[in-house]
Amino acid sequence: MLASQRRATILGLVEDSGAVRVSELVEQLGVSDMTVRRDIEQLATEGLVERVHGGALAVGGRSSEEPGFTAKSALMQVQKNAIAMAAAQLVEPGAAIGISAGTTTYEFARAVRTVPDLTVVTNSVPVAQLLHESGAPGQTVVLTGGVRTPSDALVGPVAVAALRMLHVDRLFLGVHGMDARAGLTTPNLVEAETNQALVQTARQVCVLADHSKWGTVGLSTIIPLGSVDLLVTDPGLGPRAQQALTDAGVEIVLAAPTTARAARTTRSQA
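Residues numbered from 1 in each chain as written. Predicted model: local features only at pLDDT ≥ 70, side-chain atom pairs only at ≥ 80, totals over all residues. Heavy atoms only, no water.

Asks: Would you explain a nonpolar patch on the surface in this entry?
Replies: Taken together, the side chains of Leu189, Val190 and Leu219 present a nonpolar region at the surface, about 260 Å² in accessible area. Structurally, Leu189 is set in helix H9 (residues 189–201). Judged by its relative accessible area of 54%, Leu189 falls in the exposed class. (Patch = residues over 30% accessible without salt bridge, like charges linked within 9 Å, V, L, I, M, F, W, Y side chains within 5 Å. Areas by Shrake-Rupley, 256 points an atom, 1.4 Å probe, with all protein chains shown as cover. Salt bridge = Lys/Arg side-chain N within 4 Å of Asp/Glu carboxyl O. Helix = DSSP H or I, 4+ residues; strand = E, 2+ residues; numbered from the N terminus. Buried < 20%, exposed > 50% of the residue type's maximum accessible area, 1.4 Å probe, protein only.)

So this is what it looks like as structure tokens:
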């Protein structure tokens, strides 16, 4: 592959996912670490990406920048659908679940809307609206109050106060980014606090996130990786990321986009 082709590939990956790591590019492109770093440096010189330690970010992408719900909905649609379908298999009739705000969790809500007698606690306006309009008989939706964010989440002290009184079997949590050191992150400080309150309601925390979220670090940490029980993601998640997650005690479900079949990776299989 010519240098120009490599750089075009790197640029495309950055634009698609918002961020890439050098280690993942080395594996995908089959070139040396130094070659990837030179390519990123050239792209950064041309103003096409932002070079950061260990990788590159899309131009304008900052740890405090929060894309809107519509913009995020257009990304990784196939992977999100597969993740949603795999996660929906974990939900049984009569369960009480939490669903955080986010585009992947919205697809998950679409996948569980036919489950009867489901109680859903959410701070997502789109999720609540979806289930209100087309949910199965017997479903109960509890929507927290709060201040609405660009990602259509309700956050702040009103939301946190409401969540302190509630308990669910399992929380399905969407995130802005995942990182071995930073954990699960979001660009919105207040949303991080509200998501932490959501986590406190649940006996089990299940994160729904496609592979592009790995290596992305938002301004505020929600919880460390070790506080996650289960991650439902897609097979694009690299082996190093999977190892970091299993080392932290996280069970991984890989949802194949073409079939939405899930393969579980446990600590003993890593």
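We are not done yet, so read on.
Asks: How should helix H7 (residues 125–134) be read in this particular structure?
Replies: Given 3.6 residues per turn, any residue in an α-helix points the same way as the ones three and four places further on. When H7 is considered as a whole, its buried residues turn out to be Pro126, Val127, Ala128, Leu130 and Leu131. If you check the start of H7, you find a side-chain oxygen 3.2 Å away from the backbone N of Val127, and it comes from Ser124. (Polar contact = N/O pair within 3.5 Å; in protein donor to acceptor, adjacent residues only side chain to side chain.)

Asks: Got a minute to help me understand the packing of helix H5 (residues 77–88) against helix H6 (residues 103–112) in this structure?
Replies: Working note: a packed helix pair is described by the angle between its axes plus the distance between those axes. In contact at an axis separation of 8 Å, H5 and H6 are set at 50 degrees when each is read in the N-to-C sense. By the angle class used here, H5 and H6 are oblique. As H5 runs across H6, the sense of the crossing is right-handed. Within the contact between the two elements, H5 uses Lys80, Asn81, Ile83, Ala84, Met85, Ala87 and Ala88 and H6 uses Thr103, Thr104, Glu107, Phe108, Ala111 and Val112. Among the residues making up the contact of H5 with H6, the classes are represented as 8 nonpolar, 3 polar and 2 charged. (Axes fitted to C-alpha atoms, helices over the stretch in contact; angles between N-to-C directions. Parallel < 35°, antiparallel > 145°, perpendicular 65-115°, else oblique. Left-handed = near helix turned anticlockwise from the far one by under 90°. Contact = heavy atoms within 4.5 Å. Nonpolar A, V, L, I, M, F, W, Y, C, P; charged D, E, K, R; others polar.)

Asks: Hey, could you run me through unusual backbone geometry in this one?
Replies: Most peptide bonds adopt trans geometry, and most residues besides glycine take a negative phi value. The phi torsion at Asp117 lies on the positive side, around 55 degrees, for a residue other than glycine. Along the chain, the position of Asp117 falls in the loop between H6 and strand E5 (119–122).

Asks: Honestly, the sheet that holds strand E10 (residues 177–179) in this entry has me stumped. Any pointers?
Replies: Backbone-to-backbone hydrogen bonds join strands into a sheet, with any given pair of strands oriented parallel or antiparallel. Taken together, 3 strands build an open sheet; the order of strands is E10-E11-E13 and the sheet is antiparallel. Lying at the two open borders of the sheet, with one neighbouring strand each, are E10 and strand E13 (220–223). Geometrically, the sheet is characterised by an average inter-axis angle of 40 degrees between neighbouring strands, direction not taken into account. Taken together, the 3 bridges between E10 and strand E11 (residues 183–186) define a ladder with antiparallel strand orientation. Residue pairing for E11: Met178 is matched across the bridge by Leu184. The strands that H9 touches are E11 and E13; relative to E13, the one it contacts most, it runs at about 5 degrees. (Pairing = 2+ DSSP bridges.)

Asks: What should I look at first to understand the nonpolar core in this one?
Replies: Nonpolar side chains tend toward joint burial in soluble globular proteins. Judged by nonpolar contacts, the single largest core of 29 residues is most densely connected at Leu173, Val175, Met178, Leu184, Val207, Leu231 and Leu245. In terms of residue count, H9 provides more of this core than any other element does, 4 residues in total. For Leu184, the contacting residues outside a window of four places in its chain are Leu173, Val175, Gly177, Met178, Val207, Ser220, Thr221, Ile222, Ile223, Leu225 and Val228. Ala109, Leu118, Val127 and Leu208 belong to the second-largest nonpolar core, a separate cluster that totals 28 residues. (Core = buried A, V, L, I, M, F, W, Y, C linked by side-chain atoms within 4.5 Å.)

Asks: Even after reading the chapter, I still don't get the environment of Gln139, so can you show me in this structure?
Replies: Mapped onto the elements, Gln139 comes out in the loop between H7 and strand E6 (140–143). In the structure, Gln139 is positioned 23 residues away from Pro116 in sequence and 6.1 Å away in space, judged by C-alpha atoms. Once residues within four sequence positions are removed from consideration, Gln139 is found in contact with Val112, Arg113, Thr114, Val115, Asp117, Leu118 and Leu131.

Asks: So what exactly am I meant to see when it comes to the pairing of E5 here?
Replies: The pairing of strand E4 (residues 96–99) with E5 spans 4 bridges and is parallel. Within E5, the position partnered with Ala96 by the bridge is Thr119. At this point the chain moves from E4, through H6, to the parallel E5, and the crossover so formed is right-handed. In this structure, E5 lies alongside E6, joined through 4 bridges in parallel fashion. Within the sheet, the bridge partner assigned to Thr119 lies in E6 and is Thr140. Handedness of the crossover joining E5 and E6 through H7: right-handed. (Right-handed = clockwise from strand over helix to strand, strands pointing away.)

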